[in-house]
Amino acid sequence: MSKKTWLITGASSGFGRQLAAEVLRRGDAVIGTGRNEENLSALAAEHPGITTVVADIGTAEGVALIAAAVHDAGGIDVLVNNAGYGVFGSVEQVPEKTVRAVFETHVFAPLSLVRATLPYLRARRGRIINLSSELGAYAWPGSALYSASKSALELISEALTLELAPTGVTATAIQPGTYGTGFITNAVVELPDEVYAPTIGAVLGRVSQLAPEDLGDPRDVVKAILYVADMEEPPVRLAVGQEALTTIRESLERQLDELSRAGDFTESLPKRG
């Protein structure tokens, strides 16, 4: 298998850091980006072969810096849009600034990076891998804004694969369940008032009680990303972990039930023509 060059965003922590280390261990090249210069410097010290770029992908300047690094590397084979964070709270009460920021991080920034790197990816029939979540497939009380941003990223992935089919470029959304990466402790949480205490408050209470052994091993997600990158015909979506498989399946079953009821309603409408 020929050596690949990867571009990984959010490489300074979480899934991104573990993925960068594993990709380098298998002999591929990595361009790792992030906003935390200290963490990226530590990553580079551990893995001298990595190319690091301190950049905010939510800005035109940051995307330009990353695009320049890709050009200097002679192109890339795999783009992993990994940078992200959790936002939880009610649709009514999460501040607008927070809403716009999470969509900037999960939708607009990855989109900008895809546009900037597609000429290189087309040249190598490359892979786009977008880190979504099980919550990109459904929403629970308090996850609406996070779920909506991840769902948008998933639909972009789906359309990209269709649009780019003649070029050999594919896009896959990875849908992990709950993993031990610091995601929960680092999430932005708008605590609910008494109106939402029975719904959002109850959910957040259960999440806060999760023990370390309740969380999945992040290495499983890294393995999933490597699996997709090496596939000839990768899927549009890949759920990772039993939790994600179960909850996404239950959500799809609910949707199918609703579709059946919609069909019953449509059949009751007066026939035309």
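One structure accompanies this document, and this report is about it. (Residues numbered from 1 in each chain as written. Predicted model: local features only at pLDDT ≥ 70, side-chain atom pairs only at ≥ 80, totals over all residues. Heavy atoms only, no water.)

1. Looking at the sheet that holds strand β9 (residues 237-240)
With parallel pairing, seven strands are arranged side by side in an open sheet as β3-β2-β1-β4-β6-β7-β9. Whereas interior strands pair on both sides, the edge strands pair on one side only; in this sheet they are β3 (51-54) and β9. Strand-to-strand twist of the sheet, defined as the mean angle between neighbouring strand axes without regard to direction, takes the value 15°. Pairing geometry for strand β1 (residues 5-8) and strand β2 (residues 29-34), over four bridges, is parallel. What sits directly across from L7, in β2, is I31. Helix-sheet contacts for helix α1 (residues 14-25) involve β1, β2, β4 (78-81), β6 (127-131) and β7 (170-176), and the interaxial angle to β1 is about 170°. In this fold helix α2 (residues 37-46) packs onto β2 and β3, with an angle of close to 175° to the strand it touches most, β3. (Pairing = 2+ DSSP bridges. Helix = DSSP H or I, 4+ residues; strand = E, 2+ residues; numbered from the N terminus. Axes fitted to C-alpha atoms, helices over the stretch in contact; angles between N-to-C directions. Contact = heavy atoms within 4.5 Å.)

2. Some words on α1
In this model α1 runs 17 Å from its N-terminal to its C-terminal C-alpha over 12 residues, within 8% of the 16 Å that 1.5 Å per residue would give. Among all positions of α1, only F15, G16, L19, A20, A21, V23 and L24 are buried. Within two residues after α1, G27 carries a phi angle of roughly 100°, on the positive side. (Expected span 1.5 Å × (residues − 1). Buried < 20%, exposed > 50% of the residue type's maximum accessible area, 1.4 Å probe, protein only.)

3. A word on the nonpolar core
In this structure, W6, L19, V80, I174 and I225 are the most contacted members of the largest nonpolar core, which totals 27 residues. Elements supplying a minimum of two residues to this core: β1, α1, α2, β4, β6, α8 (218-230) and β9. Counting residues per element, this core draws most heavily on α8, which supplies seven residues. Ignoring anything within four residues of it in the chain, the contact list for I174 reads I129, N130, L131, S132, S133, V221, A224, I225, V228, L238 and V240. Listed in part, the 21 residues of the second largest apolar core include V53, V70, V114 and L164. (Core = buried A, V, L, I, M, F, W, Y, C linked by side-chain atoms within 4.5 Å.)

4. Notes on the packing of α1 against α8
At a minimum axis distance of 9 Å, the contact between α1 and α8 shows a crossing angle of 55°. The angle between α1 and α8 places the two elements in the oblique class. With respect to the hand of their crossing, α1 and α8 are arranged in right-handed fashion. Residue-level inspection shows F15, Q18, L19, E22 and V23 of α1 in contact with α8, the latter providing P218, R219, V221, V222, I225 and L226. Across the contact of α1 with α8, the residue classes tally to eight nonpolar, one polar and two charged. (Parallel < 35°, antiparallel > 145°, perpendicular 65-115°, else oblique. Left-handed = near helix turned anticlockwise from the far one by under 90°. Nonpolar A, V, L, I, M, F, W, Y, C, P; charged D, E, K, R; others polar.)

5. Quick notes on the environment of V188
Looking at where V188 falls in the secondary structure, it is placed in strand β8 (residues 188-189). Residue V188 is classed as partly exposed on the basis of its relative accessible area of 37%. In the structure, V188 is positioned 170 residues away from Q18 in sequence and 23 Å away in space, judged by C-alpha atoms. The contacts of V188, once residues within four sequence positions are left out, are Y85, G86, V87, F88 and T98.

6. So, the packing of helix α4 (residues 96-123) against helix α5 (residues 144-163)
Close contact between α4 and α5 brings their axes to 8 Å; oriented N to C, the two are set at 15°. Taken together, the axes of α4 and α5 lie roughly parallel to each other. Viewed along their axes, α4 and α5 form a crossing whose handedness is right-handed. Contact residues: α4 offers V99, V102, F103, H106, V107, P110, L111 and V114, while α5 offers L145, Y146, A148, S149, K150, A152, L153, I156 and L160.

7. With respect to the pattern of salt bridges
Inspection of the entire model under this criterion finds 11 salt bridges. In this structure, E96 and R100 form a salt bridge, with 2.9 Å as the shortest nitrogen-oxygen distance. Taken together, the positions of E96 and R100, both in helix α4 and four residues apart, correspond to about one turn of that helix. As far as the burial class goes, E96 and R100 line up, both exposed. A salt bridge links R237 to E154, with the shortest nitrogen-to-oxygen separation between them at 3.0 Å. (Salt bridge = Lys/Arg side-chain N within 4 Å of Asp/Glu carboxyl O.)

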